[in-house]
Each structure stands twice: as C-alpha cells, then as structure tokens.
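Structure assessment
Letter by letter, the chains look like this.
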Amino acid sequence: MARRNLISSNVILIKPRITEKAAFLTEKENPTYTFEVPAKVNKIQVKRAIKEKYNLVALRVNIVNLPKKNVLVRGKRGTTAGIKKALVTLAKGSQIDFI
C-alpha cells in the first residue's frame, strides 16, 4: 500500500512571489501564479494544495530550483538563500486574489 504524505496546504504554499514578472504572467489568457514552496515538495502536492486552499484546478505545475548566491555586503561575505518556487497555471478565466 502506498504511503501518502498528508501535509496541509498552508505548509506547502509558503507564500506567493509577487514580482514584476509574476504580475505579467497573471495577466495572460491562462494566468500563471508563482509560489515559494519547501524543498521536499513535488508537483502533485502543489496541485493538491491549490485545489484545497483556493478551490481551483491547476492545469500545469512547473517547479524551479533557484540556487543560493554569494554576495558581498559591507565588506563581509555571505550568501542569499536558495529557494524552490512553483509556477501554477490555471484555467482560462480563473483568478486568485491575494489581497
């Protein structure tokens, strides 16, 4: 019998990434929304979380791993955090209101 991870949608979808590029993607015919997700989450879990939290069906889910980067701030070396983000494409006419 297969083991299913039952994780809350609030844990899977950490927060939406609201950037200029993300805003442009939401204005298309099939809107695409961008969310930060934990490193261990897969596409199926993201699709279920969208269904559970927003009652919308995701047509497609793409996942992108953004690597950490080395930075220099005030003469000190450090790194920015690497994140994993999910691009969720919805059906035509669907929309998510974040505010």
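Just above, that's the structure.
What comes next is a walk through the structure. Bear in mind that the values here come from a model prediction, so they are computed numbers and not experimental data.

So, on to the overall build of the protein. A tally of helices and strands in the protein yields 3 helices and 6 strands. In sequence order, the secondary structure elements of the protein are arranged as α-β-α-β-α-β-β-β-β. A principal-axis box enclosing the C-alpha atoms of the protein has dimensions of 50 × 40 × 20 Å. The proportion of buried residues among the 99 residues of the protein is 29%.

Here we come to the layout of surface pockets. By volume, the largest pocket is sized at about 190 Å³. Along the walls of the largest pocket sit 13 residues, with Ile18, Ala23, Thr26, Tyr33 and Phe98 positioned nearest its centre. Taken together, the elements giving at least two residues each to the lining of the largest pocket come down to α2 (20-26) and β2 (32-37).

This part covers the sheet that holds β2. With respect to topology, 4 strands assemble into an open sheet ordered β1-β2-β6-β3, the strand pairing being antiparallel. Since the sheet does not close on itself, it has two edges, and those belong to β1 (15-16) and β3 (58-66), each with one partner. With 2 bridges connecting them, β1 and β2 associate as antiparallel partners. Bridging from a neighbouring strand, lysine 15 pairs with glutamate 36 of β2. Along the sheet, helix α3 (residues 43-54) contacts β2, β3 and β6 (83-90); its crossing angle with β3, the most-contacted strand, is approximately 125°.

Pairs of aromatic rings are described using the distance from one ring centre to the other and the angle between the two planes. One pass over the full model with this rule turns up 1 aromatic pair. For the pair phenylalanine 35 and tyrosine 54, a centre-to-centre distance of 6.2 Å together with 35° between the ring planes defines the contact as tilted. Here phenylalanine 35, found in strand β2, pairs with tyrosine 54, found in helix α3; they are 19 residues apart in sequence, far enough to count as distant.

The next thing to look at is the environment of glutamate 36. Mapped onto the elements, glutamate 36 comes out in strand β2. Glutamate 36 gets classed as buried once you look at its relative accessible area, which sits at 14%. Taking the C-alpha atoms as reference, glutamate 36 lies 14 Å from phenylalanine 98; in sequence the two are 62 residues apart.

Looking now at the pairing of strand β4 (residues 70-73). In terms of strand pairing, β4 meets strand β5 (residues 76-79) through 4 bridges, oriented antiparallel. From the neighbouring strand, leucine 72 faces β5, where its bridge partner is arginine 77. The antiparallel hairpin formed by β4 and β5 contains 2 residues in its connecting segment, where arginine 74 sits at a positive phi of about 50°.

The rules behind the values
Residues numbered from 1 in each chain as written. Predicted model: local features only at pLDDT ≥ 70, side-chain atom pairs only at ≥ 80, totals over all residues. Heavy atoms only, no water. Helix = DSSP H or I, 4+ residues; strand = E, 2+ residues; numbered from the N terminus. Buried < 20%, exposed > 50% of the residue type's maximum accessible area, 1.4 Å probe, protein only. 1 Å grid on protein atoms, 1.4 Å probe; cavity = no way out; pocket = protein on both sides within 12 Å on 5 of 7 lines; lining within 4 Å. Points joined across faces, edges and corners; volume = space filled by probe spheres on them. Pairing = 2+ DSSP bridges. Contact = heavy atoms within 4.5 Å. Axes fitted to C-alpha atoms, helices over the stretch in contact; angles between N-to-C directions. Phe/Tyr/Trp six-rings, centres within 6.5 Å; stacked < 30°, edge-to-face > 60°.

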